[in-house]
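If you want the building blocks of each chain, they are given just below.
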Amino acid sequence: MTLPGLAYFAMVGQWGKPGIDLPIGSMTAYATRKTVNDWEVARFVLPKAEGDKEDAKLTISLFKNGSGSEEDNIKRQLAAFEAPEGKEKVESKRSKVSVGGKESTLLDLRGTLLEKFPPFDPKAKVTKKDNYRLLYVISKGDNGEAYFKLTGPEKTVEKHEKEFTEFLKNFK
(Lines give C-alpha, C1' and ligand atoms only; values in the text may rest on other atoms or scores of the structure.)
Protein backbone atom coordinates (compact mmCIF):
# COMPACT_ATOMS: atom_id res chain seq x y z
CA MET A 1 0.00 0.00 0.00
CA THR A 2 1.32 3.44 -0.87
CA LEU A 3 1.53 6.46 1.41
CA PRO A 4 -1.69 7.98 0.06
CA GLY A 5 -3.33 4.58 0.44
CA LEU A 6 -2.34 4.41 4.09
CA ALA A 7 -3.69 7.92 4.60
CA TYR A 8 -7.00 6.88 3.04
CA PHE A 9 -7.27 3.78 5.19
CA ALA A 10 -6.45 5.74 8.32
CA MET A 11 -8.96 8.48 7.60
CA VAL A 12 -11.90 6.25 6.80
CA GLY A 13 -11.22 3.89 9.68
CA GLN A 14 -10.50 0.89 7.43
CA TRP A 15 -6.83 0.67 8.29
CA GLY A 16 -6.97 -3.02 8.93
CA LYS A 17 -7.06 -5.63 11.60
CA PRO A 18 -4.39 -6.28 14.21
CA GLY A 19 -1.32 -7.81 12.61
CA ILE A 20 -1.77 -6.42 9.10
CA ASP A 21 1.46 -5.02 7.64
CA LEU A 22 1.16 -1.66 5.92
CA PRO A 23 4.24 -0.44 4.07
CA ILE A 24 4.94 3.29 4.38
CA GLY A 25 7.62 4.09 1.84
CA SER A 26 10.55 1.84 2.68
CA MET A 27 9.35 1.11 6.21
CA THR A 28 6.49 -1.06 7.40
CA ALA A 29 3.92 -0.04 9.96
CA TYR A 30 1.92 -2.65 11.78
CA ALA A 31 -1.67 -1.89 12.72
CA THR A 32 -1.65 -2.66 16.42
CA ARG A 33 -5.13 -2.85 17.87
CA LYS A 34 -8.38 -1.03 18.15
CA THR A 35 -7.86 2.66 18.80
CA VAL A 36 -8.01 3.69 22.46
CA ASN A 37 -10.46 6.60 22.30
CA ASP A 38 -13.09 8.25 20.10
CA TRP A 39 -10.78 10.75 18.43
CA GLU A 40 -7.93 8.38 17.57
CA VAL A 41 -8.54 7.06 14.07
CA ALA A 42 -5.38 4.99 13.62
CA ARG A 43 -2.54 3.52 15.67
CA PHE A 44 0.57 1.91 14.22
CA VAL A 45 3.85 0.44 15.43
CA LEU A 46 7.03 1.26 13.49
CA PRO A 47 9.86 -1.27 13.85
CA LYS A 48 12.71 -0.33 16.17
CA ALA A 49 16.16 0.65 14.96
CA GLU A 50 19.05 -1.68 15.61
CA GLY A 51 20.11 -1.37 19.24
CA ASP A 52 16.82 0.17 20.47
CA LYS A 53 14.69 -1.78 22.95
CA GLU A 54 11.28 -0.59 21.74
CA ASP A 55 9.39 0.17 18.55
CA ALA A 56 7.99 3.62 17.81
CA LYS A 57 4.27 4.44 17.77
CA LEU A 58 2.41 6.51 15.20
CA THR A 59 -1.07 7.72 16.10
CA ILE A 60 -3.46 9.82 14.05
CA SER A 61 -6.25 11.69 15.84
CA LEU A 62 -9.05 13.85 14.48
CA PHE A 63 -11.07 16.52 16.27
CA LYS A 64 -13.98 18.07 14.37
CA ASN A 65 -14.06 21.05 16.74
CA GLY A 66 -10.36 21.15 17.60
CA SER A 67 -8.84 20.35 20.97
CA GLY A 68 -7.75 23.74 22.23
CA SER A 69 -5.33 26.28 20.83
CA GLU A 70 -2.09 25.32 19.17
CA GLU A 71 -0.24 26.59 22.26
CA ASP A 72 -2.45 24.46 24.56
CA ASN A 73 -1.63 21.36 22.50
CA ILE A 74 2.09 22.13 22.49
CA LYS A 75 2.08 22.66 26.27
CA ARG A 76 0.42 19.24 26.72
CA GLN A 77 3.15 17.57 24.66
CA LEU A 78 5.94 19.42 26.50
CA ALA A 79 4.43 18.29 29.82
CA ALA A 80 4.92 14.67 28.73
CA PHE A 81 8.71 15.16 28.65
CA GLU A 82 11.37 16.19 31.12
CA ALA A 83 14.95 17.27 30.59
CA PRO A 84 17.38 14.40 30.28
CA GLU A 85 19.94 13.93 33.04
CA GLY A 86 22.61 16.61 32.84
CA LYS A 87 20.50 19.07 30.82
CA GLU A 88 18.38 21.97 32.00
CA LYS A 89 15.48 21.56 29.60
CA VAL A 90 13.83 19.38 27.00
CA GLU A 91 15.22 19.90 23.52
CA SER A 92 12.37 21.51 21.59
CA LYS A 93 12.11 22.78 18.03
CA ARG A 94 9.05 24.14 16.24
CA SER A 95 8.84 24.37 12.45
CA LYS A 96 6.41 24.13 9.55
CA VAL A 97 5.67 21.01 7.51
CA SER A 98 3.28 20.25 4.65
CA VAL A 99 0.36 17.93 5.38
CA GLY A 100 -1.45 17.20 2.14
CA GLY A 101 -0.47 20.62 0.81
CA LYS A 102 -1.52 22.53 3.95
CA GLU A 103 1.09 24.30 6.04
CA SER A 104 1.06 22.69 9.48
CA THR A 105 3.02 22.93 12.72
CA LEU A 106 5.69 20.36 13.62
CA LEU A 107 6.97 20.09 17.18
CA ASP A 108 10.15 18.03 17.62
CA LEU A 109 10.88 17.07 21.26
CA ARG A 110 13.84 15.13 22.67
CA GLY A 111 14.31 14.13 26.27
CA THR A 112 12.88 11.76 28.88
CA LEU A 113 9.33 10.69 28.06
CA LEU A 114 6.96 10.54 31.03
CA GLU A 115 4.67 7.80 29.76
CA LYS A 116 1.36 7.58 31.61
CA PHE A 117 -1.17 4.79 31.53
CA PRO A 118 -4.00 5.40 31.29
CA PRO A 119 -2.87 8.60 29.55
CA PHE A 120 -5.40 11.08 30.95
CA ASP A 121 -5.73 9.67 34.47
CA PRO A 122 -4.12 12.05 37.00
CA LYS A 123 -3.33 9.03 39.20
CA ALA A 124 -1.82 7.02 36.34
CA LYS A 125 1.51 5.28 36.80
CA VAL A 126 4.36 7.20 35.13
CA THR A 127 7.18 5.33 33.43
CA LYS A 128 10.29 7.36 32.52
CA LYS A 129 11.84 6.53 29.16
CA ASP A 130 15.23 8.11 28.46
CA ASN A 131 16.41 9.27 25.02
CA TYR A 132 12.94 9.54 23.53
CA ARG A 133 11.75 11.71 20.70
CA LEU A 134 8.35 12.99 19.62
CA LEU A 135 7.41 14.37 16.23
CA TYR A 136 4.03 16.02 16.80
CA VAL A 137 2.10 17.61 13.94
CA ILE A 138 -0.96 19.85 14.20
CA SER A 139 -2.80 20.21 10.90
CA LYS A 140 -5.92 22.37 10.62
CA GLY A 141 -8.36 21.59 7.82
CA ASP A 142 -11.86 22.40 6.69
CA ASN A 143 -13.32 19.50 8.69
CA GLY A 144 -11.39 19.98 11.93
CA GLU A 145 -7.88 19.29 13.12
CA ALA A 146 -5.65 16.26 12.61
CA TYR A 147 -2.84 15.39 15.03
CA PHE A 148 -0.01 13.05 14.12
CA LYS A 149 2.28 11.69 16.86
CA LEU A 150 5.39 9.69 16.10
CA THR A 151 6.90 8.72 19.47
CA GLY A 152 9.77 6.39 20.27
CA PRO A 153 13.45 5.98 21.02
CA GLU A 154 15.47 8.71 19.28
CA LYS A 155 17.26 6.33 16.87
CA THR A 156 14.01 4.65 15.87
CA VAL A 157 12.20 7.95 15.24
CA GLU A 158 15.20 9.16 13.24
CA LYS A 159 15.09 5.93 11.20
CA HIS A 160 11.49 6.67 10.18
CA GLU A 161 11.57 10.47 10.03
CA LYS A 162 11.99 10.78 6.24
CA GLU A 163 9.13 8.37 5.50
CA PHE A 164 6.96 10.12 8.10
CA THR A 165 7.56 13.46 6.37
CA GLU A 166 6.67 11.92 3.00
CA PHE A 167 3.57 10.35 4.52
CA LEU A 168 2.47 13.77 5.81
CA LYS A 169 3.16 15.44 2.48
CA ASN A 170 0.97 12.91 0.67
CA PHE A 171 -1.78 12.79 3.31
CA LYS A 172 -5.27 13.52 1.96
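An account of the accompanying structure is given in this report.

## Considerations on the nonpolar core
1) Next: With 20 residues, the main nonpolar core has Ile-60, Val-137, Phe-148, Leu-150, Phe-164, Phe-167 and Leu-168 as its most contacted residues.
2) Next: Mapped onto this core, the elements with two or more residues apiece are strand S3 (40-46), strand S4 (56-63), strand S6 (91-99), strand S8 (125-141), strand S9 (144-153) and helix H3 (154-170).
3) Next: Not counting the four nearest positions on each side in its chain, Phe-148 is found in contact with Thr-59, Ile-60, Val-99, Leu-135, Tyr-136, Val-137, Ser-139, Phe-164, Phe-167, Leu-168 and Phe-171.
4) Next: Core analysis: the second largest hydrophobic core is formed by eleven residues, Ile-74, Leu-109, Tyr-136 and Ile-138 among them.

## Some remarks on the environment of Lys-125
1) Next: With respect to the helices and strands, the residue Lys-125 is situated in strand S8.
2) Next: Apart from the residues lying within four places of it in its own chain, the contact partners of Lys-125 are Glu-115, Lys-116 and Phe-117.

## Here's the deal with the pattern of salt bridges
Side chains carrying opposite charge are able to pair once their charged atoms draw close together.
1) Next: Tallying each qualifying case throughout the model produces twelve salt bridges.
2) Next: Notably, a salt bridge pairs Glu-154 with Arg-110, separated by 3.5 Å at the nearest N-O pair. With Glu-154 in helix H3 and Arg-110 in strand S7 (residues 102-117), this pair connects stretches of sequence that are 44 residues apart.
3) Next: Take Glu-154: its relative accessible area is 24%, and that puts it in the partly exposed class.
4) Next: In this structure Arg-110 comes out as partly exposed when scored by relative accessible area, which is 22%.
5) Next: Here Glu-115 ties to Lys-129 by a salt bridge, and the two come within 3.0 Å at their closest N and O atoms. With a gap of 14 residues between them, Glu-115 in strand S7 and Lys-129 in strand S8 connect regions that are remote in the sequence.

Rules used throughout
- Residue positions are given per chain, counting from 1 as you read along its sequence in written order.
- Two thresholds apply to this predicted model, a pLDDT of at least 70 for residue-level local features and 80 or more for giving and counting side-chain atom pairs, whereas whole-chain, interface and lining totals are computed over all residues.
- Side-chain metrics rest on all non-hydrogen atoms present in the structure, leaving aside hydrogens and water.
- Definition used in this section: a nonpolar core is a set of buried Ala, Val, Leu, Ile, Met, Phe, Trp, Tyr and Cys residues joined via side-chain atoms within 4.5 Å.
- The classification of residues rests on relative accessible area computed with a 1.4 Å probe and restricted to protein chains. Under 20% of the type maximum is buried, over 50% is exposed, and intermediate values are partly exposed.
- A run of H or I in DSSP counts as a helix once it spans at least four residues, and a run of E counts as a strand once it spans at least two, with each numbered from the N terminus.
- We call two residues in contact whenever any of their non-hydrogen atoms come within 4.5 Å of each other.
- By convention in these notes, a salt bridge is any Lys or Arg side-chain nitrogen within 4 Å of a carboxyl oxygen on Asp or Glu.

In short, shape yes, function no, at least from these values alone.
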